[in-house]
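Chain by chain, the residues:
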Amino acid sequence: MKDNQLYFVDQTIRDAQQSLWGFRMRTDMIMPIAPIMDQVGYKAIGVVGGRGVVVAIGYLHENIFKRFRSLSRLMKRTPLPSAFVPWAAFGFDIEPLAVGELWIRRAVANGVKEFWVCDYQNMMDRLSYLVRVAKKEGAQVVGGIQYALSPVHTDEHFGLKARKLA
């Protein structure tokens with residue numbers, strides 16, 4: 001990557017529909033625009049993960065893996081990243097690691113080649129394990145640190161977070 005280049009990541013079929021439609025955008029609504037989105041030159045086009053999958057199954061009665069396969073066929077140039085968190089693939093309660101591992105393996109098998117994760121230092125062992133699973137499956141993992149301003153959020157605090165995440 002050159003220092004003077006600017007890249008765009010599209011979040012329309014992940015976050016925009018999450019925020020505006022409550023994850024109610026059906027796959028057949030996305031398919032007509034998918035080939036055009038692929039031609040734009042985005043660095044990535046985000047797809048749902050975790051709780052978005054639960055909504056797609058529960059409300060839309062869709063197979064999310066079929067969506068991933070369809071999108072990856074129509075978007076051959078652009079990576080389709082999803083997400084995982086170390087405590088739960090699909091809810092807010094702590095789930096067995098095997099659930100997250102299965103989610104990662106099935107998502108990769110169906111077209112997701114990249115995952116985004118945020119800095120969950122209170123569960124670094126779980127996060128590290130799932131990152132290794134994703135990498136073993138051939139996926140890239142992009143880590144992020146959530147930033148805040150407060151008396152405890154010092155440069156040293158964020159330095160420690162960055163070292164743990166690395």
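Right above here is the structure, for reference.
Residues numbered from 1 in each chain as written. Predicted model: local features only at pLDDT ≥ 70, side-chain atom pairs only at ≥ 80, totals over all residues. Heavy atoms only, no water.

Caption draft 1: Molecular detail of the overall build of the protein. Within the protein, the regular secondary structure consists of eight helices and five strands. Counting from the amino terminus, helix and strand elements in the protein follow one another as β-α-α-α-β-α-α-β-α-β-α-β-α. Viewed in the frame of its principal axes, the protein has a C-alpha envelope of about 50 × 45 × 35 Å. Considering the protein as a whole, with its 166 residues, one finds that 40% of them fall into the buried category. Carbon and sulfur atoms make up 58% of the accessible area of the protein, which amounts to about 9800 Å² in all. Across the protein, 22 positive and 15 negative side-chain charges occur, with their mean positions spaced 7 Å apart. (Helix = DSSP H or I, 4+ residues; strand = E, 2+ residues; numbered from the N terminus. Buried < 20%, exposed > 50% of the residue type's maximum accessible area, 1.4 Å probe, protein only. Areas by Shrake-Rupley, 256 points an atom, 1.4 Å probe, with all protein chains shown as cover. Lys, Arg positive; Asp, Glu negative; His and termini not counted. Charge placed at Lys NZ, Arg CZ, Asp CG, Glu CD.)

Caption draft 2: How the structure looks around the side chain of Glu 101. Here Glu 101 shows up in helix 6 (residues 97-109). With sequence-adjacent residues up to four places away left out, Glu 101 is seen in contact with Tyr 129, Leu 130 and Val 133. (Contact = heavy atoms within 4.5 Å.)

Caption draft 3: The arrangement of the environment of Gly 100 in detail. Topologically, Gly 100 is positioned in helix 6. Judged by its relative accessible area of 11%, Gly 100 is buried. With 46 residues separating them in the primary sequence, Gly 100 and Val 54 have C-alpha atoms 14 Å apart. Those residues in contact with Gly 100 that sit more than four places away from it in its chain are Ala 89 and Leu 130.

Caption draft 4: Main features of the pattern of salt bridges. With the rule as written, the count across this model stands at four salt bridges. Across the pair Arg 67 and Glu 62 runs a salt bridge, and its minimum N-O distance is 2.9 Å. Summarising the burial analysis for this pair, Arg 67 and Glu 62 share the class buried. Put simply, Arg 105 and Glu 101 hold a salt bridge, and the shortest N to O gap is 2.5 Å. Taken together, the positions of Arg 105 and Glu 101, both in helix 6 and four residues apart, correspond to about one turn of that helix. (Salt bridge = Lys/Arg side-chain N within 4 Å of Asp/Glu carboxyl O.)

Caption draft 5: How the structure looks around the nonpolar core. Core analysis: the biggest nonpolar cluster contains 33 residues, and Ile 13, Leu 71, Met 75, Phe 84, Trp 103, Ile 104 and Phe 115 have the highest contact counts within it. The element contributing the most residues to this core is helix 7 (residues 124-136), with six residues. Contact partners of Ile 13, with chain neighbours within four places excluded, come to Met 25, Ile 30, Ile 45, Gly 46, Val 47, Val 48, Leu 71 and Met 75. (Core = buried A, V, L, I, M, F, W, Y, C linked by side-chain atoms within 4.5 Å.)

Caption draft 6: Highlighting unusual backbone geometry. Its identity is not glycine, yet His 61 carries a phi of approximately 55°, on the positive side. Locating His 61 in the fold gives a position in the loop between helix 4 (51-58) and helix 5 (64-74). On the basis of relative accessible area, His 61 is assigned to the exposed category, the value being 67%.

Caption draft 7: Summary view of the environment of Val 48. Its place among the elements puts Val 48 in the loop between strand 2 (44-45) and helix 4. Overall, Val 48 belongs to the buried group, its relative accessible area being 3%. The spatial distance from the C-alpha of Val 48 to the C-alpha of Ile 13 is 7.5 Å, given a sequence separation of 35 residues.

Caption draft 8: Structural view of a positive patch on the surface. Among the surface-exposed residues, Lys 66, Arg 69, Arg 73, Lys 76 and Arg 106 lie close enough to one another that they form a single positively charged patch. Considering every element that reaches the positive patch, the biggest residue donor is helix 5, with three residues. Locating Arg 69 in the fold gives a position in helix 5. Assessed through its relative accessible area of 33%, Arg 69 is described here as partly exposed. (Patch = residues over 30% accessible without salt bridge, like charges linked within 9 Å, V, L, I, M, F, W, Y side chains within 5 Å.)

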